[in-house]
Amino acid sequence: MKYRAMALALALAFFSIYAKEPQDTTEVLASVILSGREVLPARLIKAKNSSIYLSVEDWRSLPNLTLPLEGKTGLISSDDLGLSVSFDDAEQAFKISAPTSLMTRQNLSGARAARVTEVDAQPKGVLLNYDIATRTNDSGSYAVSGAHDARVSVGPGTLITTGQLNTTKNLTDYRRGISTWNVDNLKRGVAVQVGDVFTPRSAMTSTVNLAGVRVGSDRMLRRDQEFTPVPLIGGVADTRSAAEIFVNNDKMGSHNVAAGPWDLGRVPVSPGSNDVRVVIRDEFGREEVVSQRFYMTNSNLPRGQREWDIAAGLVRVDSDTYRTPAVTAKIEQGINNYWTAGATLQTDGTNTNVGLSNRIILGTAGAVAVEEATSNTAKGDGTALSVS
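This section reports on the structure supplied with the text. Just so it is clear, the model here is predicted, and its values are computed rather than measured.

Topic: the environment of glycine 235
Residue position: glycine 235 is located in strand E14 (residues 234-237). Between the C-alpha atoms of glycine 235 and glycine 355, which are 120 residues apart in sequence, the distance is 42 Å. In contact with glycine 235, not counting residues within four places along its chain, are Arg105, Gly260, Pro261 and Trp262.

Let's talk about the sheet that holds strand E18 (residues 272-282)
Ordered in space as E16-E15-E18-E19, the 4 strands form an open sheet in which the pairing is antiparallel. A single partner strand is all that each edge strand has here, and the edge strands are strand E16 (250-257) and strand E19 (287-296). Within this sheet the neighbouring strands show an average axis-to-axis angle of 15 degrees, counted without direction.

Observations regarding empty space enclosed by the protein
According to the stated counting rule, one finds 1 cavity of 30 Å³ or more in the structure shown. Space inside the largest cavity adds up to approximately 40 Å³. Looking at the largest cavity, the residues that line it are Pro200, Arg201, Ser202, Thr205, Thr328, Ala329, Lys330, Thr344, Leu345 and Gln346. Listed by contribution, the elements that provide at least two residues to the lining of the largest cavity are strand E21 (321-336) and strand E22 (339-347). Across the lining of the largest cavity, the residue classes break down as 3 nonpolar, 5 polar and 2 charged.

Side note on the pattern of salt bridges
If charged atoms from side chains of opposite charge come close, those side chains can pair. Within the structure shown, the criterion is met by 20 salt bridges. Two residues, arginine 43 and aspartate 58, come together in a salt bridge whose shortest N-O distance is 3.1 Å. Here aspartate 58 lies in helix H2 (residues 56-61) and arginine 43 lies in strand E2 (residues 37-48), a separation of 15 residues in the sequence. Owing to a relative accessible area of 27%, arginine 43 belongs among the partly exposed residues under this scheme. Linking aspartate 263 and arginine 105 is a salt bridge whose minimum nitrogen-to-oxygen distance equals 3.2 Å. Separated by 158 residues along the polypeptide, aspartate 263 in strand E17 (residues 260-263) and arginine 105 in the loop between strand E6 (93-97) and strand E7 (106-107) bring together distant segments of the chain. Connected through shared salt-bridge partners, Arg176, Asp196, Arg316 and Asp320 make up one network.

Looking at the nonpolar core
Grouped together as the largest cluster of nonpolar side chains are 24 residues, with contacts concentrated most on Ile52, Trp59, Leu62, Leu67, Leu83 and Ile96. Those elements that provide at least two residues to this core are strand E1 (26-34), E2, strand E3 (51-55), H2 and E6. Of all the elements, E2 adds the most residues to this core, at 4 residues. Excluding residues that lie within four positions of it along the chain, leucine 62 makes contacts with Leu34, Val39, Leu40 and Ile96. Within the second largest apolar cluster, 18 residues are counted, among which are Ala237, Ile245, Leu264 and Phe294.

Things to note about unusual backbone geometry
One non-glycine residue, asparagine 49, lies in positive phi territory at about 55 degrees. Tracing the backbone through its elements, the reader meets asparagine 49 in the loop between E2 and E3. A relative accessible area of 78% means that asparagine 49 is categorised as exposed. One non-glycine residue, glutamine 92, lies in positive phi territory at about 50 degrees.

Quick look at the pairing of strand E24 (residues 367-377)
Inspection of the sheet shows strand E23 (residues 352-361) paired to E24 by 10 bridges, in the antiparallel sense. By the bridge assignment for E24, glycine 355 is matched with alanine 373. The loop that links E23 with its antiparallel partner E24 comprises 5 residues; one of these, glycine 363, has a positive phi angle of about 60 degrees. Relative to strand E25 (residues 380-387), E24 runs antiparallel, the two being bridged by 8 bridges. Within the sheet, the bridge partner assigned to glutamate 371 lies in E25 and is serine 386.

Reading the values: the criteria
Residues numbered from 1 in each chain as written. Predicted model: local features only at pLDDT ≥ 70, side-chain atom pairs only at ≥ 80, totals over all residues. Heavy atoms only, no water. Helix = DSSP H or I, 4+ residues; strand = E, 2+ residues; numbered from the N terminus. Contact = heavy atoms within 4.5 Å. Pairing = 2+ DSSP bridges. Axes fitted to C-alpha atoms, helices over the stretch in contact; angles between N-to-C directions. 1 Å grid on protein atoms, 1.4 Å probe; cavity = no way out; pocket = protein on both sides within 12 Å on 5 of 7 lines; lining within 4 Å. Points joined across faces, edges and corners; volume = space filled by probe spheres on them. Nonpolar A, V, L, I, M, F, W, Y, C, P; charged D, E, K, R; others polar. Salt bridge = Lys/Arg side-chain N within 4 Å of Asp/Glu carboxyl O. Buried < 20%, exposed > 50% of the residue type's maximum accessible area, 1.4 Å probe, protein only. Core = buried A, V, L, I, M, F, W, Y, C linked by side-chain atoms within 4.5 Å.

Rendered as structure tokens:
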């Protein structure tokens, strides 16, 4: 009984492999052309009616196509993949036509740089930046000021200290600036600071120096992500073409475009009104112009993008005095490419301020920011509204 089961399993396996082979086909010596370019040299190709059969490896080798080949083996027909095929007797070639949905979308600006997750070890020693200024007059009075910015590697981070030494005819004093230990979590795109940290600023609140800890997202550590809400600009090239990119009438570059869908991707736009044009010119000299006017502001986030910031510590009163404990938090989210919403919180245990913000891009007309804050203090409550 055991041997019969093994024989049956082998027979079924052989049958399944054999069944994958196309039936009633003819072999034709021909090449394969896609988008006007030969992609497979002349070979014997199985064909039936208006369909050809190629191996999974051959289908995968065809450029600018994203085909549903997952889990497929053996010879696959063009019909099964949703491709149209015609035979050109003059060129002795099968010409493949693919729907836009199967064509790989081309990014004219290229892929964004990958996030940096590892860097070389910091060099040993101290980096010292300094600046000296002096002033004098005919009466003999003078003033000399020397400022410094010293940086040294401490553990996984960098310690930064700043200060200023001031000397006059009657007085010499030293004013400490900040002393902050900075650590960047490259994989998460998060910055951590310990020491002198600053709370985030909004339209209705100023920044405050705390002696404590600050943790927040840092877009400079997440350069693999987009933080500029630029509209998607794209189209479909019918044949191989050349594309010229213009931003505010300045030519920014040119690219070759294969037949199929394309999008512009990242472009160097500036805050304010922008006019982006892409001129597509095919091999026959025909031109198509795709243009987009939009307003851009660095204050808004693209859809789904988020930034946040949390700080806690003692409020700095003067150069070396820190007193009242305080906590601040801020979060902003891109609801869509035109609307960014946010919330803020500041509290020292006795006084509390809660704010909501909305920044909206009004098409090409500009942008408006609306912020409302409610305060609760020992002297009373209050509400403020800011529109800019």
